[in-house]
Amino acid sequence: MAAAEREDELERKSVKEKARLRLREFDVGDKFSRLPLPKASVLLPLMVREGKLHLLLTVRSMQLRRSPGEVCFPGGKSEAIDKDEIDTALREAKEEVGLQPEKVEVICRLMPGIDKMNHLVTPVVGFIEDTFQAIPNPDEVSDVFIVPLEYFIKPLNYKTLPYKTSSGHLSWVHCFRYDDHEHKMSFRIWGLTAHFAVFLALVIFGKRPTFEVDYDLDNLISSSENNFMNLYASLYERKKSNL
């Protein structure tokens, strides 16, 4: 038994180390932190279960005014006490699911996105223990569940949805349906949450997904930055035209 446990531990370390190396190549640090948009952050909590990477996601409480019942990552708006995006993500994860900041091994910040409220949203990636037991804050979170990261490049149930961006042009967004057999529930993961999950899976696995994506997969760093800057520029142009 001890030998099997040792083998599992070595496999877990190997999976984590490969992911760390890939993620560090894509770390944007504070490169976009000074853009003049209101700030928000989300934590993308990774864990290793049965030798495979999994992502922890939450379901927003039905009591919330904005996006009730939607799947998202732990996160929220930046507050004055936060020194950076990492602080925001860790503080929000503690408030929402009881994840203590010292229990997160922060790896990097990935390319940000812009949500429908025009917040600059920075995804912070960190490893957590697979033994973590979430304590959802019922005011904010109704459910917590785990999805294999590979599902976001090889899904069983996937479609695209039309979406009008904040700058007014029609776009398409990823939409996944994930059946959680453990909890006998089905979850819809779409929008910016799906966008971040897909990008994380592309970064770590370096594989072509079974669906179309908006990136040049041979130049993922530069094409993801170009996509973001185009989105930001279109938002900036719209703000200028509204003056």
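Everything below is about the structure shown above.
Since the model is a prediction, treat every value here as computed from it, not as a measurement. Note on numbering: residues in each chain are counted from 1, in written sequence order. Owing to the predicted nature of the model, reporting of local features is limited to residues with pLDDT of at least 70; listing and counting of side-chain atom pairs is limited to 80 or more, with chain, interface and lining totals taken over all residues. As a rule here, side-chain values come from all non-hydrogen atoms in the structure, and water together with hydrogens is ignored.

Draft legend 1. How the structure looks around a negative patch on the surface. Residues qualify for a patch when their relative accessible area is over 30% and they have no salt bridge, like charges being joined within 9 Å and the nonpolar side chains of Val, Leu, Ile, Met, Phe, Trp and Tyr within 5 Å. Values of accessible area rely on a 1.4 Å probe in the Shrake-Rupley scheme; residue burial ignores everything except the protein chains shown. One speaks of a salt bridge when a side-chain nitrogen belonging to Lys or Arg is within 4 Å of a carboxyl oxygen belonging to Asp or Glu. In this tally, Lys and Arg are treated as positive and Asp and Glu as negative; His is ignored, and so are the chain termini. A single reference atom marks each charge: NZ on Lys, CZ on Arg, CG on Asp, CD on Glu. A cluster of like negative charges, contributed by Glu 5, Glu 7, Asp 8 and Glu 11, occupies part of the molecular surface. Only DSSP runs of H or I covering at least 4 residues are called helices, and only runs of E covering at least 2 are called strands; the numbering of each starts at the N terminus. Looking at the secondary structure, you find Glu 5 in helix α1 (residues 2–25).

Draft legend 2. View of the pairing of strand β1 (residues 39–49). Among the 11 residues that make up β1, 9 are buried, leaving the element largely enclosed by the rest of the structure. Note that β1 and strand β7 (residues 120–127) share 8 bridges and pair parallel. Bridge pairing in β7 links Leu 44 to Val 125. Strands pair, by our definition, only if DSSP identifies at least two bridges between them. Sheet topology places β1 next to strand β4 (residues 75–77); 3 bridges connect them, and they run antiparallel. Bridge pairing in β4 places Ala 40 opposite Lys 77. Strand direction decides the pairing type here: β1 and strand β2 (residues 52–60), joined by 4 bridges, are antiparallel. The residue bridging Val 48 from the neighbouring strand is Leu 53, located in β2. Only protein chains enter the calculation, and the probe is 1.4 Å; a residue is then buried if its accessible area is under 20% of its type maximum, exposed if over 50%, and partly exposed in between.

Draft legend 3. Spatial organisation of the environment of Cys 72. Along the chain, Cys 72 turns up in strand β3 (residues 71–72). Residues Cys 72 and Val 42, spaced 30 residues apart in sequence, show a C-alpha to C-alpha distance of 8.6 Å. A contact between two residues is defined here by any heavy atoms of the two lying within 4.5 Å. Discounting residues that sit within four places of it in the chain, Cys 72 has contacts with Leu 57, Thr 58, Arg 60 and Thr 193.

Draft legend 4. Here's a closer look at the environment of Pro 45. Note that Pro 45 resides in strand β1. Distance from Pro 45 to Ile 107, taken between C-alpha atoms, is 10 Å for residues 62 residues apart in sequence. Beyond its immediate sequence surroundings of up to four residues, Pro 45 is in contact with His 54, Leu 55, Leu 56, Phe 73, Pro 74, Gly 126 and Ile 128.

Draft legend 5. Geometry of the environment of Tyr 232. For Tyr 232, the position within the fold is in helix α4 (residues 220–241). Separated by 193 residues in sequence, Tyr 232 and Lys 39 place their C-alpha atoms 14 Å apart.

Draft legend 6. Structural view of unusual backbone geometry. Non-glycine residue Glu 50 carries a positive phi angle of around 50 degrees. Of note, Glu 50 is situated in the loop between β1 and β2. In this structure, Lys 184 is a non-glycine residue whose phi angle is positive, near 50 degrees. Mapped onto the elements of the fold, Lys 184 is located in the loop between β10 (170–180) and β11 (185–190). When its relative accessible area of 75% is taken as the criterion, Lys 184 is described as exposed.

Draft legend 7. Representation of helix α2 (residues 85–97) within the structure. Any helix carries an expected span of 1.5 Å times its number of residues minus one. In this model α2 runs 18 Å from its N-terminal to its C-terminal C-alpha over 13 residues, within 8% of the 18 Å that 1.5 Å per residue would give. Counting buried positions along α2 yields 10 of 13 residues, so the element is predominantly enclosed. Contact partners of the buried residues in α2: β1, β2, β4, β5 (105–109), β7 and β8 (141–148). Think of a polar contact as two N or O atoms within 3.5 Å of one another; within protein, one of them needs to be a possible hydrogen donor and the other a possible acceptor, and neighboring residues in sequence only count if both atoms come from side chains. Backbone nitrogen of Ile 86 and a side-chain oxygen of the N-cap are separated by 3.1 Å at the start of α2; the cap is Asp 84. Directly beyond the C-terminal end of α2, a positive phi value near 75 degrees is found at Gly 98.

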